[in-house]
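Report on the structure
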Amino acid sequence: MELLKEKILHDGIVKKGNVLKVDSFLNHCIDVKLYEEIGKEFKRLYNDCEVTKILTIEASGIGIACVTAQFFNYAPVVFAKKSKTSNIGDDFYTSEVASFTHGNTNNIIVSKSYINRNDKVLIIDDFLANGAALEGLIDIINQAGATVVGAGIVIEKGFQPGGKLLREKGVRIESLAVIKSMNDETGEIVFAN
Ligand code: 5GP
């Protein structure tokens, strides 16, 4: 997606530890028009699928998923929580996810009320790196007995193993920008797509 790649080149900041900071349009200050274009692109890519739910993970995925949902007939958006809050009840699916950016492990949880075996679930997330977040979300969909339609990823860091690993397992992954390499000293970002 050219508009997204231009934004990344113009405003993305390459940090140490293979982290790309895109706070100025994706993760902190939100470019709503860009989110809309991202949503339309996911719709174009998954147009053939009858999506009944969109699943993401807090926090950064929520906004992208909600804007995307508008193009999927306002399919409900469910987001995995990273900590057990008092109001979720006892009946939930859970999966362990190592956080790439924070270096800790979260038990992500989704109430059993919101995904069921008849659902066709599209996963949406901002980044794909090692694939832990995606694997956790797929695990939850499998626990519910629902169908994974695929994943819509805004930025895939193609030099990290998640995309390859999950595609080899048969998961459909559509990434709007795939980064082939990035350099925290020069700031250079090279795309694979
Ligand atoms: P994974 O689980 O695939 O290793 O990492 C994906 C998750 O980590 C995403 O949900 C995203 O929030 C975060 N993440 C991974 N890499 C980056 C990055 O380079 N920049 C930012 N801002 N977030 C990242």
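The structure we're discussing is the one just above.
So, here is what we can say about the structure in this document. Only a predicted model underlies this, so the values are computations on that prediction, with no experimental measurement involved. (Residues numbered from 1 in each chain as written. Predicted model: local features only at pLDDT ≥ 70, side-chain atom pairs only at ≥ 80, totals over all residues. Heavy atoms only, no water.)

Looking now at the site of the ligand. Near the ligand lie 16 residues; those nearest to it are Leu 20, Asp 125, Asn 130, Gly 131 and Lys 157. Contacts to the ligand include Ala 132, whose backbone N or O atom sits 3.1 Å from an oxygen atom. The side chain of Lys 157 places a nitrogen or oxygen atom 2.8 Å from an oxygen atom of the ligand. Starting from 500 Å² of accessible surface for the ligand in isolation, the protein chains cover 88%. Counting residues per element, the shell around the ligand draws most heavily on strand E7 (residues 120–128), which supplies 4 residues. (Near = heavy atom within 4 Å. Polar contact = N/O pair within 3.5 Å; in protein donor to acceptor, adjacent residues only side chain to side chain. Areas by Shrake-Rupley, 256 points an atom, 1.4 Å probe, with all protein chains shown as cover. Helix = DSSP H or I, 4+ residues; strand = E, 2+ residues; numbered from the N terminus.)

Moving on, we get to the sheet that holds strand E10 (residues 189–191). The strand order E4-E3-E7-E8-E9-E10 describes an open sheet built from 6 strands, whose pairing is mixed. Strands at the two margins of the open sheet, each flanked by one partner only, are strand E4 (77–80) and E10. This sheet shows a mean twist of 30° between the axes of neighbouring strands, independent of strand direction. The pairing of strand E3 (residues 53–57) with E4 spans 4 bridges and is parallel. Bridge pairing links Thr 56 to Phe 79 in E4. (Pairing = 2+ DSSP bridges. Axes fitted to C-alpha atoms, helices over the stretch in contact; angles between N-to-C directions.)

In this structure, the largest pocket spans a volume of roughly 740 Å³. Contributing to the lining of the largest pocket are 31 residues, with Ser 99, Phe 100, Thr 101, Asp 126 and Phe 127 lying nearest its centre. Going through the elements one at a time, strand E2 (19–21), helix H2 (23–27), helix H4 (60–69), strand E5 (92–98), E7, helix H5 (132–144) and strand E8 (147–157) are the ones with two or more residues in the lining of the largest pocket. Ranked by residue count, the leading element in the lining of the largest pocket is E7, at 4 residues. (1 Å grid on protein atoms, 1.4 Å probe; cavity = no way out; pocket = protein on both sides within 12 Å on 5 of 7 lines; lining within 4 Å. Points joined across faces, edges and corners; volume = space filled by probe spheres on them.)

This part takes up the nonpolar core. Core analysis: the biggest nonpolar cluster contains 34 residues, and Ile 8, Leu 20, Leu 26, Ile 54 and Ile 155 have the highest contact counts within it. Take this core: its biggest share by element is 5 residues, from helix H3 (residues 32–45). In this structure, Val 78, Ile 108, Ala 144 and Leu 166 belong to the second largest nonpolar core, which totals 24 residues. (Core = buried A, V, L, I, M, F, W, Y, C linked by side-chain atoms within 4.5 Å. Buried < 20%, exposed > 50% of the residue type's maximum accessible area, 1.4 Å probe, protein only.)

Nothing here speaks to function; it is geometry throughout.
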